[in-house]
Amino acid sequence: MSKDTLRELTQYRFVQRLGVPRIPVLRRYEPGQPLLDGPALVGAVGKGRFADDVRALLAGAGVAEAGEDGKVAAAVLDATGAHTVDDLAAVQEFLTPAVRRLGPCGRLLLLGPVAAEGDVEAAAVAQAFEGLVRSAGKEVRAGATANLVTVAPDAGADALASTLRFFLSARSAFVSGQVVRVGAPVGPVGADDPARPLAGRIAVVTGAARGIGESIADTLHRDGATIVAVDVPAAGDALARVANRTGGTALQLDITAADAPDRLLAHLRERYGRVDVVVHNAGITRDKLLANMDADRWNSVLAVNLRAQLTINRALLADEGLLGDSARIVCISSMSGIAGNRGQTNYAASKAGVIGMVRALAPQLAPRGATVNAIAPGFIETAMTAKMPLATREAGRRINSLRQGGLPVDVAEAVGWLAQAATAGVTGQVVRVDGQNMLGA
Ligand SMILES: NC(=O)c1ccc[n+]([C@@H]2O[C@H](COP(=O)([O-])OP(=O)(O)OC[C@H]3O[C@@H](n4cnc5c(N)ncnc54)[C@H](O)[C@@H]3O)[C@@H](O)[C@H]2O)c1
């Protein structure tokens, strides 16, 4: 990882006095940390389906409700009852003073409405929240984020809780401007333990020897999971260290090998008898302009980043009993797969393919109580991005609302949220972990 020298410099008063704005130091999750480091403001438009549940969740986490004035650590507006343009006036009335009171690394969280079929005004208003929250994400300061969660009429407060907790907590430090839809849960939500939400779960992580995959393994283990760490034989030593640290097993496997799905499934069957979480993280880049692209670069990227995910998923679905009762598949895509990137037609094709796969697979997994989602990281500080030329790296870091690169743990925390049994209402979606990058829709 390379140092973000500019961010460090802007912590000094004398640099700020030169007119260089401070690049915020983000609050990140640590075990035992309170959900929020201050009081929360809770409001509702009309009746609001979830305002009482939000208050109960906050009270249960020891968060006080904010008084008339002073800084707040979070502002949550239950706007599930907003269906007319007039209702939007109440939204502004809550948000304007709330944004002024939002403290450092504060959380602006909107619970948005879902329009009834055929109600054109309600559909317009539901969509209005997306423009609103994406703009708010660009306005809030000092490491604060703004996100929108919509809740389907057939989803209850239990299906919403793990998502609320993720977006309010420091686990979502580098997630802003996102829209997540909570639908009817695909299976029982179950009781969850916010401190160890993955207790007892068996989780496969591909590409676990280093970088983002290593952080995913560590983070899921911290949250209670046992890790099956997968990587190529050449990364064997590093892989063994990760497996030892995470109380799991190492499986040296090239995921593009013809027998890879069989070997992975046999390992899971023999050692554990089931799998609860599969994280498709392994990925490679072989950048070249399309005009200079060769078949090797093209095919190797598609084989690792897309075909291997497809074949492993196909094998998991074909197996009668291996996927646990509340299985979760999380696929690492990329912002390149959403916005495109010069020199990355092969990579962007593979990563956009992952998004297509997730959308098509979600309805097939739902009857089995399982979900599948994609995470699209933006600029993350890893060995890969440290190798970029300085100017490209600087540009990559700054073109997002938080004006810095994310850390591998930011991707890992989002994986941890989607990996929970309690996150049973989120499936077939793409969540960007990119500090609200300016590129792409
Ligand atoms: N770093 C970023 O900024 C960034 C941004 C967007 C998306 N991503 C994606 O995140 C994921 C992890 O990226 P990273 O930066 O940690 O990369 P990395 O190169 O540091 O790690 C990737 C790991 O995958 C393993 N791997 C590669 N091919 C494999 C194969 N055939 N079989 C098994 N393992 C294999 C590698 O050995 C390595 O340990 C990738 O899918 C990448 O495309 C990264």
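Conventions we followed
- Residues numbered from 1 in each chain as written.
- Predicted model: local features only at pLDDT ≥ 70, side-chain atom pairs only at ≥ 80, totals over all residues.
- Heavy atoms only, no water.
- Helix = DSSP H or I, 4+ residues; strand = E, 2+ residues; numbered from the N terminus.
- Rg over C-alpha atoms; globule rule 2.2 N^0.38 Å.
- Buried < 20%, exposed > 50% of the residue type's maximum accessible area, 1.4 Å probe, protein only.
- Contact = heavy atoms within 4.5 Å.
- Areas by Shrake-Rupley, 256 points an atom, 1.4 Å probe, with all protein chains shown as cover.
- Lys, Arg positive; Asp, Glu negative; His and termini not counted.
- Charge placed at Lys NZ, Arg CZ, Asp CG, Glu CD.
- Expected span 1.5 Å × (residues − 1).
- Near = heavy atom within 4 Å.
- Polar contact = N/O pair within 3.5 Å; in protein donor to acceptor, adjacent residues only side chain to side chain.
- Domains from an automatic or database assignment.
- Buried area = accessible area lost by both parts, 1.4 Å probe.
- Salt bridge = Lys/Arg side-chain N within 4 Å of Asp/Glu carboxyl O.
- Core = buried A, V, L, I, M, F, W, Y, C linked by side-chain atoms within 4.5 Å.
- Pairing = 2+ DSSP bridges.
- Axes fitted to C-alpha atoms, helices over the stretch in contact; angles between N-to-C directions.

### Observations concerning the overall build of the chain
Next, step 1: A count of helices and strands for the chain gives 15 helices and 12 strands.
Next, step 2: Taken over C-alpha atoms, the radius of gyration comes to 21 Å for the chain, in line with the 22 Å a tight globule of 441 residues would show.
Next, step 3: Along the three orthogonal principal directions, the C-alpha set of the chain runs to about 60 × 55 × 45 Å.
Next, step 4: The proportion of buried residues among the 441 residues of the chain is 55%.
Next, step 5: Of the contacts formed within the chain by residues at least 6 apart in sequence, a portion of 76% connects residues at least 24 apart.
Next, step 6: Per element, the accessible surface of the chain, about 18400 Å² overall, is 54% carbon and sulfur.
Next, step 7: Between the centroid of the 46 positive side chains of the chain and the centroid of its 43 negative side chains there is a distance of 7 Å.

### Some details on helix H7 (residues 211–222)
Next, step 1: With 12 residues, H7 ought to run about 16 Å at 1.5 Å a step, and its terminal C-alpha atoms sit 17 Å apart, in line with that.
Next, step 2: Buried residues belonging to H7 abut strand E6 (202–206), strand E7 (226–231), helix H8 (236–245), strand E9 (275–280), strand E10 (323–332) and helix H15 (408–419).

### Quick notes on the site of the ligand
Next, step 1: Around the ligand lies a shell of 25 residues, among which Arg-210, Ile-212, Asp-231, Asn-281 and Tyr-347 are the nearest.
Next, step 2: Ile-380 is positioned such that a nitrogen or oxygen atom in its backbone is 3.1 Å from an oxygen atom of the ligand.
Next, step 3: Coverage of the ligand by the protein amounts to 92% of the 830 Å² it exposes when considered alone.
Next, step 4: Looking at the shell around the ligand, the elements that each hand over two or more residues are H7, helix H12 (345–365) and helix H13 (383–386).

### Overview of the domain arrangement of the chain
Next, step 1: Along its sequence, the chain is carved into domain 1 (5–182) and domain 2 (202–433).
Next, step 2: Taking only C-alpha atoms into account, the centre of domain 1 sits 28 Å from that of domain 2.
Next, step 3: In this assembly, 29 residues from domain 1 lie in contact with 29 residues from domain 2.
Next, step 4: With both sides pooled, the region where domain 1 packs onto domain 2 buries about 2400 Å², and carbon together with sulfur makes up 55% of that total.
Next, step 5: The largest contributions to the domain 1 side of the interface with domain 2 come from Arg-28, Arg-171 and Phe-174, which together make up 28% of the buried area.
Next, step 6: Connecting domain 1 to domain 2 are 3 salt bridges.
Next, step 7: The partner of Glu-413 in a salt bridge is Arg-171, and the shortest N-O contact between them spans 3.5 Å.

### Concerning the nonpolar core
Next, step 1: Core analysis: the biggest nonpolar cluster contains 64 residues, and Leu-36, Leu-58, Ile-216, Leu-220, Ile-375 and Val-415 have the highest contact counts within it.
Next, step 2: Three or more residues apiece are contributed to this core by two domains, here domain 1 (5–182) and domain 2 (202–433).
Next, step 3: Not counting residues within four places of it along the chain, the set of residues in contact with Leu-58 comprises Leu-35, Leu-36, Ala-40, Val-42, Val-63 and Leu-168.

### Considerations on the sheet that holds strand E3 (residues 102–112)
Next, step 1: Taking strand neighbours across the sheet as the criterion, the 5 strands line up as E1-E2-E3-E4-E5 in an open arrangement whose pairing is parallel. Each edge of the sheet is formed by a strand with only one pairing partner; in this case those strands are strand E1 (40–44) and strand E5 (179–182). Across the sheet, the axes of successive neighbouring strands diverge by a mean angle of 15 degrees, strand direction being ignored.
Next, step 2: Across 4 bridges, the pairing between strand E4 (residues 145–151) and E5 is parallel. Note that in E5 the partner of Thr-150 across the bridge is Arg-181.
Next, step 3: In this fold helix H5 (residues 120–139) packs onto E3, E4 and E5, with an angle of close to 160 degrees to the strand it touches most, E4.

### Comments concerning the sheet that holds E9
Next, step 1: Taken in spatial order, the 7 strands make up an open sheet running E8-E7-E6-E9-E10-E11-E12, and their pairing is parallel. What marks the edges here is a single partner per strand, and that holds for strand E8 (249–252) and strand E12 (430–433). The mean angle between the axes of side-by-side strands here comes to 20 degrees, regardless of whether they run parallel or antiparallel.
Next, step 2: One ladder, built from 5 bridges, connects E9 with E10; its direction is parallel. Residue Val-275 lies in a different strand from E10, and its bridge partner there is Leu-323.
Next, step 3: Where H8 meets the sheet, its contacts fall on E7 and E8, and the angle it forms with E8 comes to roughly 155 degrees.

### Remarks on the pattern of salt bridges
Next, step 1: Summed over all chains, the structure comprises 21 salt bridges.
Next, step 2: Here Asp-294 ties to Arg-297 by a salt bridge, and the two come within 2.7 Å at their closest N and O atoms.
Next, step 3: For Asp-294, a relative accessible area of 27% gives the class partly exposed.
Next, step 4: Note that Glu-394 is salt-bridged to Arg-398, the shortest N-O span being 2.9 Å. Of this pair, Glu-394 and Arg-398 both sit in helix H14 (residues 390–398), 4 residues apart, which is roughly one turn of the helix.
Next, step 5: Judged by its relative accessible area of 18%, Arg-398 falls in the buried class.
Next, step 6: Ionic contacts of the salt-bridge type, sharing partners, join the residues Asp-4, Glu-381, Glu-394, Arg-397 and Arg-398 into one network.

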